Amino acid sequence: AAAAAAGLGADRYGLLGLLHVIRMTEPDLTMLALGTDLTGLGLNLNAPDSLYKVLVSPLADNPVRADLDFAVPSCYKHTPPRLQPGYLAKFKEETLFYIFYSMPQDEAQLIAADELCSRGWWWHKKYRCWFIHAPNNPVVKSAASRSEQGTYLFFDTNIWDVVQKSDVEVFFEDVERPPQLPRNNIAAAAAGGAGAPGTAAAAAAGNAAAGAAGAGNVLRQ
(Lines give C-alpha, C1' and ligand atoms only; values in the text may rest on other atoms or scores of the structure.)
Protein backbone atom coordinates (compact mmCIF):
# COMPACT_ATOMS: atom_id res chain seq x y z
CA ALA A 1 0.00 0.00 0.00
CA ALA A 2 2.85 2.32 0.83
CA ALA A 3 4.50 1.62 -2.52
CA ALA A 4 1.24 2.29 -4.34
CA ALA A 5 0.79 5.61 -2.56
CA ALA A 6 4.36 6.58 -3.40
CA GLY A 7 3.78 5.69 -7.04
CA LEU A 8 0.58 7.72 -7.14
CA GLY A 9 2.41 10.72 -5.71
CA ALA A 10 5.14 10.43 -8.31
CA ASP A 11 2.58 10.27 -11.13
CA ARG A 12 1.37 13.77 -10.24
CA TYR A 13 4.57 15.14 -11.77
CA GLY A 14 4.58 12.79 -14.76
CA LEU A 15 2.35 12.19 -17.76
CA LEU A 16 -0.43 10.84 -15.59
CA GLY A 17 -0.46 14.12 -13.74
CA LEU A 18 -1.68 15.87 -16.88
CA LEU A 19 -5.03 14.10 -16.51
CA HIS A 20 -5.93 16.41 -13.63
CA VAL A 21 -5.14 19.41 -15.79
CA ILE A 22 -7.04 18.12 -18.80
CA ARG A 23 -10.09 17.23 -16.74
CA MET A 24 -9.98 20.61 -14.96
CA THR A 25 -11.11 19.09 -11.73
CA GLU A 26 -8.89 21.27 -9.53
CA PRO A 27 -9.44 25.04 -10.04
CA ASP A 28 -6.12 26.10 -8.55
CA LEU A 29 -4.16 23.67 -10.69
CA THR A 30 -6.11 24.68 -13.78
CA MET A 31 -5.40 28.38 -13.26
CA LEU A 32 -1.72 27.65 -12.65
CA ALA A 33 -1.33 25.51 -15.75
CA LEU A 34 -3.66 27.18 -18.24
CA GLY A 35 -3.76 30.73 -16.92
CA THR A 36 -6.73 33.03 -16.42
CA ASP A 37 -9.25 34.28 -18.92
CA LEU A 38 -8.64 38.04 -19.05
CA THR A 39 -12.18 38.72 -20.11
CA GLY A 40 -13.26 37.30 -16.75
CA LEU A 41 -11.47 40.21 -15.08
CA GLY A 42 -13.66 42.73 -16.83
CA LEU A 43 -11.14 43.60 -19.55
CA ASN A 44 -12.16 44.43 -23.07
CA LEU A 45 -9.42 42.94 -25.23
CA ASN A 46 -10.82 44.70 -28.28
CA ALA A 47 -10.55 48.17 -26.73
CA PRO A 48 -8.36 50.61 -28.70
CA ASP A 49 -6.79 52.07 -25.56
CA SER A 50 -4.14 50.49 -23.37
CA LEU A 51 -5.34 47.95 -20.81
CA TYR A 52 -3.21 49.35 -17.99
CA LYS A 53 -5.63 52.27 -17.70
CA VAL A 54 -8.42 49.98 -16.43
CA LEU A 55 -6.48 47.08 -14.88
CA VAL A 56 -5.18 47.60 -11.35
CA SER A 57 -4.04 44.05 -10.65
CA PRO A 58 -5.15 40.49 -11.51
CA LEU A 59 -6.17 40.22 -7.85
CA ALA A 60 -8.39 43.32 -7.93
CA ASP A 61 -12.14 42.89 -8.28
CA ASN A 62 -12.89 46.37 -9.64
CA PRO A 63 -11.31 48.38 -12.49
CA VAL A 64 -9.39 51.57 -12.04
CA ARG A 65 -11.42 54.55 -10.92
CA ALA A 66 -11.12 57.64 -13.09
CA ASP A 67 -11.40 60.06 -10.16
CA LEU A 68 -8.76 60.42 -7.46
CA ASP A 69 -9.37 59.25 -3.91
CA PHE A 70 -7.40 62.12 -2.38
CA ALA A 71 -7.45 65.89 -2.57
CA VAL A 72 -4.42 67.84 -3.78
CA PRO A 73 -3.61 70.77 -1.47
CA SER A 74 -4.15 74.15 -3.04
CA CYS A 75 -0.54 75.16 -2.35
CA TYR A 76 0.58 72.65 -4.99
CA LYS A 77 -1.69 74.08 -7.67
CA HIS A 78 -0.01 77.47 -8.16
CA THR A 79 2.45 78.39 -10.87
CA PRO A 80 5.88 79.22 -9.42
CA PRO A 81 7.23 82.67 -10.29
CA ARG A 82 9.74 82.94 -13.08
CA LEU A 83 13.38 83.06 -12.03
CA GLN A 84 14.60 86.66 -12.13
CA PRO A 85 18.09 88.21 -12.05
CA GLY A 86 19.03 88.90 -8.45
CA TYR A 87 17.15 85.94 -6.96
CA LEU A 88 20.44 84.05 -6.69
CA ALA A 89 22.10 86.79 -4.64
CA LYS A 90 21.84 84.73 -1.44
CA PHE A 91 23.43 81.63 -2.99
CA LYS A 92 27.03 80.69 -2.36
CA GLU A 93 29.42 80.88 -5.27
CA GLU A 94 29.84 77.11 -5.32
CA THR A 95 26.08 76.80 -5.83
CA LEU A 96 26.23 79.35 -8.64
CA PHE A 97 28.98 77.37 -10.35
CA TYR A 98 26.88 74.22 -10.04
CA ILE A 99 23.90 75.94 -11.65
CA PHE A 100 26.06 77.35 -14.42
CA TYR A 101 27.71 74.05 -15.37
CA SER A 102 24.78 71.69 -14.75
CA MET A 103 22.11 73.64 -16.65
CA PRO A 104 23.51 74.33 -20.13
CA GLN A 105 21.37 76.40 -22.50
CA ASP A 106 18.95 77.12 -19.63
CA GLU A 107 17.76 80.50 -18.39
CA ALA A 108 19.06 79.63 -14.93
CA GLN A 109 22.58 79.34 -16.36
CA LEU A 110 22.44 82.87 -17.75
CA ILE A 111 21.14 84.25 -14.45
CA ALA A 112 23.87 82.39 -12.53
CA ALA A 113 26.46 83.91 -14.88
CA ASP A 114 24.99 87.35 -14.26
CA GLU A 115 25.23 86.85 -10.51
CA LEU A 116 28.84 85.66 -10.75
CA CYS A 117 29.74 88.73 -12.81
CA SER A 118 28.11 90.96 -10.23
CA ARG A 119 30.48 89.48 -7.62
CA GLY A 120 33.57 90.24 -9.69
CA TRP A 121 33.96 86.93 -11.57
CA TRP A 122 34.72 86.95 -15.28
CA TRP A 123 34.42 84.32 -17.97
CA HIS A 124 37.60 83.61 -19.92
CA LYS A 125 36.69 82.69 -23.49
CA LYS A 126 40.02 81.04 -24.25
CA TYR A 127 40.44 79.03 -21.04
CA ARG A 128 36.66 78.53 -20.81
CA CYS A 129 36.52 79.00 -17.07
CA TRP A 130 35.66 81.60 -14.43
CA PHE A 131 38.34 83.76 -12.82
CA ILE A 132 38.61 86.70 -10.44
CA HIS A 133 41.31 89.00 -9.13
CA ALA A 134 43.17 87.54 -6.18
CA PRO A 135 42.75 89.80 -3.14
CA ASN A 136 45.67 91.98 -2.08
CA ASN A 137 47.52 91.30 -5.33
CA PRO A 138 47.95 94.28 -7.66
CA VAL A 139 47.92 93.84 -11.41
CA VAL A 140 50.12 95.41 -14.06
CA LYS A 141 48.21 96.81 -17.03
CA SER A 142 49.59 97.18 -20.50
CA ALA A 143 47.87 99.61 -22.84
CA ALA A 144 49.92 98.46 -25.82
CA SER A 145 48.91 94.82 -25.63
CA ARG A 146 45.48 95.59 -24.14
CA SER A 147 46.10 93.19 -21.30
CA GLU A 148 46.99 92.97 -17.64
CA GLN A 149 49.16 90.60 -15.66
CA GLY A 150 48.83 89.49 -12.07
CA THR A 151 47.55 86.84 -9.70
CA TYR A 152 44.08 85.43 -10.26
CA LEU A 153 41.76 82.83 -8.78
CA PHE A 154 40.45 80.31 -11.32
CA PHE A 155 37.58 77.95 -10.68
CA ASP A 156 38.76 74.49 -11.76
CA THR A 157 35.88 72.17 -12.62
CA ASN A 158 38.14 69.09 -12.51
CA ILE A 159 38.66 69.42 -8.77
CA TRP A 160 35.64 71.69 -8.19
CA ASP A 161 37.67 74.22 -6.28
CA VAL A 162 39.34 77.60 -6.67
CA VAL A 163 42.99 77.53 -7.76
CA GLN A 164 45.33 80.51 -7.47
CA LYS A 165 47.67 81.19 -10.38
CA SER A 166 50.39 83.84 -10.46
CA ASP A 167 51.90 85.82 -13.32
CA VAL A 168 48.91 85.23 -15.59
CA GLU A 169 48.47 87.59 -18.51
CA VAL A 170 44.84 88.26 -19.36
CA PHE A 171 44.02 89.90 -22.67
CA PHE A 172 40.90 92.02 -22.59
CA GLU A 173 39.62 90.52 -25.83
CA ASP A 174 39.56 87.08 -24.15
CA VAL A 175 37.24 88.30 -21.39
CA GLU A 176 33.54 87.76 -21.99
CA ARG A 177 31.27 90.73 -21.57
CA PRO A 178 28.84 90.38 -18.61
CA PRO A 179 25.20 89.61 -19.47
CA GLN A 180 24.05 92.82 -17.69
CA LEU A 181 20.53 91.57 -17.08
CA PRO A 182 17.94 93.99 -15.60
CA ARG A 183 18.01 93.29 -11.88
CA ASN A 184 15.12 95.53 -10.76
CA ASN A 185 17.19 96.95 -7.91
CA ILE A 186 17.70 93.46 -6.44
CA ALA A 187 21.19 93.05 -5.03
CA ALA A 188 22.13 96.38 -6.62
CA ALA A 189 24.86 96.92 -4.07
CA ALA A 190 26.59 93.68 -5.07
CA ALA A 191 26.21 94.54 -8.73
CA GLY A 192 27.73 97.98 -8.27
CA GLY A 193 30.79 96.71 -6.43
CA ALA A 194 32.15 94.46 -9.18
CA GLY A 195 35.21 95.63 -11.07
CA ALA A 196 36.42 94.64 -14.51
CA PRO A 197 39.98 93.47 -15.24
CA GLY A 198 40.96 96.68 -17.02
CA THR A 199 39.00 99.61 -18.32
CA ALA A 200 38.96 98.25 -21.85
CA ALA A 201 37.37 94.87 -20.94
CA ALA A 202 33.86 95.97 -21.80
CA ALA A 203 34.91 97.65 -25.03
CA ALA A 204 36.63 94.49 -26.17
CA ALA A 205 33.28 92.73 -26.49
CA GLY A 206 31.90 95.22 -29.01
CA ASN A 207 28.80 97.36 -29.06
CA ALA A 208 25.46 96.76 -27.35
CA ALA A 209 24.28 94.36 -30.04
CA ALA A 210 27.41 92.29 -29.65
CA GLY A 211 26.86 92.34 -25.92
CA ALA A 212 23.60 90.44 -26.35
CA ALA A 213 25.44 87.85 -28.43
CA GLY A 214 28.17 87.79 -25.79
CA ALA A 215 25.63 86.83 -23.19
CA GLY A 216 24.78 83.85 -25.35
CA ASN A 217 28.43 82.93 -25.64
CA VAL A 218 28.56 82.52 -21.88
CA LEU A 219 26.03 79.73 -22.24
CA ARG A 220 28.10 77.75 -24.70
CA GLN A 221 30.42 75.50 -22.73
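Residues numbered from 1 in each chain as written. Predicted model: local features only at pLDDT ≥ 70, side-chain atom pairs only at ≥ 80, totals over all residues. Heavy atoms only, no water.

**Overview of helix 5 (residues 107–118)**
And step 1. Taking 1.5 Å per residue, 12 residues should reach 16 Å; helix 5 reaches 17 Å between its end C-alpha atoms and fits that length.
And step 2. Across the 12 residues of helix 5, 11 count as buried, placing the element largely inside the fold.
And step 3. Among the residues making up helix 5, those that are buried are Ala108, Gln109, Leu110, Ile111, Ala112, Ala113, Asp114, Glu115, Leu116, Cys117 and Ser118.
And step 4. N-capping of helix 5 is provided by Asp106, with a side-chain oxygen placed 2.8 Å from the backbone N of Ala108.
And step 5. Just beyond helix 5, the residue with positive phi is Gly120, at close to 100 degrees. (Helix = DSSP H or I, 4+ residues; strand = E, 2+ residues; numbered from the N terminus. Expected span 1.5 Å × (residues − 1). Buried < 20%, exposed > 50% of the residue type's maximum accessible area, 1.4 Å probe, protein only. Polar contact = N/O pair within 3.5 Å; in protein donor to acceptor, adjacent residues only side chain to side chain.)

**Brief notes about the packing of aromatic side chains**
And step 1. The final tally for this structure, using the stated rule, is 13 aromatic pairs.
And step 2. Taken together, a centroid distance of 6.4 Å and an interplanar angle of 20 degrees make the contact between Tyr101 and Phe155 stacked. Taken together, the positions of Tyr101 in helix 4 (residues 93–102) and Phe155 in strand 4 (residues 147–156) put the pair 54 residues apart, joining distant regions of the chain.
And step 3. A relative accessible area of 22% means that Tyr101 is categorised as partly exposed. (Phe/Tyr/Trp six-rings, centres within 6.5 Å; stacked < 30°, edge-to-face > 60°.)

**Examining the side chain of His124**
And step 1. By secondary structure assignment, the location of His124 is in strand 1 (residues 122–124).
And step 2. Its relative accessible area of 1% is what places His124 among the buried residues.
And step 3. Apart from residues no more than four positions distant in its own chain, His124 is found in contact with Cys129, Phe131, Val170 and Asp174. (Contact = heavy atoms within 4.5 Å.)

**A look at the packing of helix 4 against helix 5**
And step 1. For the pair helix 4 and helix 5, the least separation of the axes is 8 Å and the interaxial angle reads 145 degrees. For the pair helix 4 and helix 5, the sense of crossing is left-handed. Listed contacts from helix 5 to Leu96, Phe97, Ile99 and Phe100 of helix 4 are Ala108, Gln109, Ala112, Ala113, Glu115 and Leu116. (Axes fitted to C-alpha atoms, helices over the stretch in contact; angles between N-to-C directions. Left-handed = near helix turned anticlockwise from the far one by under 90°.)

**Details of helix 4**
Three or four residues apart is the spacing at which side chains of an α-helix point the same way, because the helix has 3.6 residues per turn.
And step 1. Buried within helix 4 are the following residues: Leu96, Phe97, Ile99 and Phe100. Along the long axis of helix 4, the arc covered by the buried residues comes to 160 degrees, so they all point the same way. Set apart from the buried face of helix 4 by more than 90 degrees, the exposed residues are Glu94 and Tyr98. (Arc of directions from axis to C-beta.)

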